[in-house]
Amino acid sequence: MTRLRAACIIAVVAAVSPSGTSPAHAQGFPSKTIRIMVPFTPGGANDVIAREIAAGLQGSLNQTAVVENKPGGGGNIAYSYVARSPPDGHLMLIAPASFTMGPHLSLNPVYDPVTDFAPINLVADVPFVMVVPASLRGASLRGASLPVRTVTDFVELAKSSPGKLSFGSVGVGTPQHLGGELFKMHAGVDLIHVPFRGATAVMPDLLAGRIDMFIGAINSLLPLIRDGSLRPIAATGLVRIPALPDIPTMSEAAFPGFEVGSVVGLVGPAGTPPEIVELLNREIAGIIATPGFHQRMAAIGVEVVGTTPAAYAKLIRDDYAKWGKVVAAARIKRE
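Residues numbered from 1 in each chain as written. Predicted model: local features only at pLDDT ≥ 70, side-chain atom pairs only at ≥ 80, totals over all residues. Heavy atoms only, no water.

S.K.: Please explain the layout of surface pockets as it appears in this structure.
M.R.: In this approach a probe as big as a water molecule rolls over the atoms, and the regions it shows empty are the leftover space. The calculated volume of the largest pocket comes to roughly 1200 Å³. What lines the largest pocket is a set of 41 residues, and nearest its centre among them are Phe 40, Ser 98, Val 170, Thr 174 and Pro 175. Going through the elements one at a time, helix H3 (45-61), helix H6 (175-187), strand S10 (213-217), helix H8 (218-226) and strand S12 (262-269) are the ones with two or more residues in the lining of the largest pocket. A class-by-class count of the residues in the lining of the largest pocket yields 18 nonpolar, 19 polar and four charged. In this structure, the second largest pocket spans a volume of roughly 270 Å³. Taken together, 14 residues form the lining of the second largest pocket, with Pro 242, Ala 298, Gly 301, Val 302 and Glu 303 sitting closest to its centre. Counting only elements with at least two residues in the lining of the second largest pocket, the list comes to H8 and strand S13 (303-304). Looking at the lining of the second largest pocket, the element that brings in the most residues is H8, giving four residues. Residue classes in the lining of the second largest pocket are distributed as ten nonpolar, two polar and two charged. (1 Å grid on protein atoms, 1.4 Å probe; cavity = no way out; pocket = protein on both sides within 12 Å on 5 of 7 lines; lining within 4 Å. Points joined across faces, edges and corners; volume = space filled by probe spheres on them. Helix = DSSP H or I, 4+ residues; strand = E, 2+ residues; numbered from the N terminus. Nonpolar A, V, L, I, M, F, W, Y, C, P; charged D, E, K, R; others polar.)

Pasting the structure below:
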């Protein structure tokens with residue numbers, strides 16, 4: 001995510017700067033337990049990141065910090081709860097990629113990611129990759145079909161067979177779904193969307209060639225890529241994936257500016273005092289800058305980012321606008 005690299009450096013420098021003393025801390029913050037709310041059940045990358053941050057804050061601020069899991073409603077239960085909570089810095093939300101997508105899919109949105117929250121720090125990103133079954137064959141050359149190995153191969157195949165190729169997702173409105181719709185927009189192709197109930201359910205149909213393409217998290221797809229069952233054709237972030245250094249980004253391969261992944265950030269309720277936002281940003285930046293945090297994130301396929309509050313706020317605004325356009329172009333029905 002090159003658009004955030006400079007912000008990452010700024011955030012880390014601020015965390016170790018001598019001027020980084022804590023005015024809010026001197027004013028009595030935190031005065032009670034710090035809570036980090038996760039909109040999913042325990043065990044996933046978002047939950048692991050939240051628990052790492054909580055442990056770090058407990059040590060650096062000398063105050064109890066806990067993680068609360070509040071799944072349900074596609075994240076809406078947790079999002080609306082935090083949006084309505086007192087803006088005193090003692091409650092933060094883990095905001096995943098779907099945070100900026102959900103309101104575009106609802107007839108009656110219960111939150112606005114731009115106006116209802118105070119961005120604190122975008123801490124991590126789970127890189128996505130576009131894969132096809134190893135068995136997928138493309139255009140013919142002297143009567144023999146060739147394997148689909150590049151984005152261009154896939155686009156040519158899709159354009160030669162409009163409405164016949166499909167892509168899978170883990171459900172309507174998920175990053176995997178909207179990532180596929182974003183690809184359709186850029187490529188100008190007609191693909192059939194096939195939603196499944198989770199990534200595990202996608203794999204049998206993808207491996208068998210019953211669906212033709214999937215955009216998903218590298219940490220779940222890498223074993224199948226390494227054993228040759230799936231063929232990666234593009235990283236969908238703005239930088240290449242370290243585990244797949246020879247696979248170009250979508251920007252390099254065909255569509256400059258194409259980006260989809262699974263970011264993980266921390267936000268508080270709108271109106272949280274700026275000095276508390278700044279303190280939390282510095283503390284979190286210090287936590288995620290440690291070698292141990294980097295090592296533990298790498299073990300689960302997560303890239304560490306780190307931003308200033310202003311940089312994270314811009315990302316939220318930009319992503320919210322982008323996904324609104326994708327949802328409208330795909331004519332996804334609001335429910």
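After that view, the rundown keeps rolling.
S.K.: Would you mind showing me how to read the sheet that holds strand S11 (residues 230-235) here?
M.R.: Pairing between the strands of a sheet is mediated by backbone hydrogen bonds and can be parallel or antiparallel. Across the sheet, which stays open at both edges, the five strands sit in the order S9-S8-S10-S5-S11 with mixed pairing between neighbours. Two strands in the sheet have a free side with no partner beyond their single neighbour: strand S9 (192-195) and S11. Taken over all neighbouring pairs, the strand axes of this sheet differ in orientation by 30° on average, direction set aside. Here four bridges tie strand S5 (residues 128-133) to S10, and the two strands are oriented antiparallel to one another. Note on S10: the bridge partner recorded for Val 129 is Gly 216. Lying over the sheet, helix H5 (residues 151-160) contacts S5, S10 and S11, oriented at roughly 105° with respect to S11. Strands S5, strand S8 (166-169), S10 and S11 of the sheet are contacted by helix H7 (residues 199-207), whose axis makes an angle of about 145° with S10. (Pairing = 2+ DSSP bridges. Axes fitted to C-alpha atoms, helices over the stretch in contact; angles between N-to-C directions. Contact = heavy atoms within 4.5 Å.)

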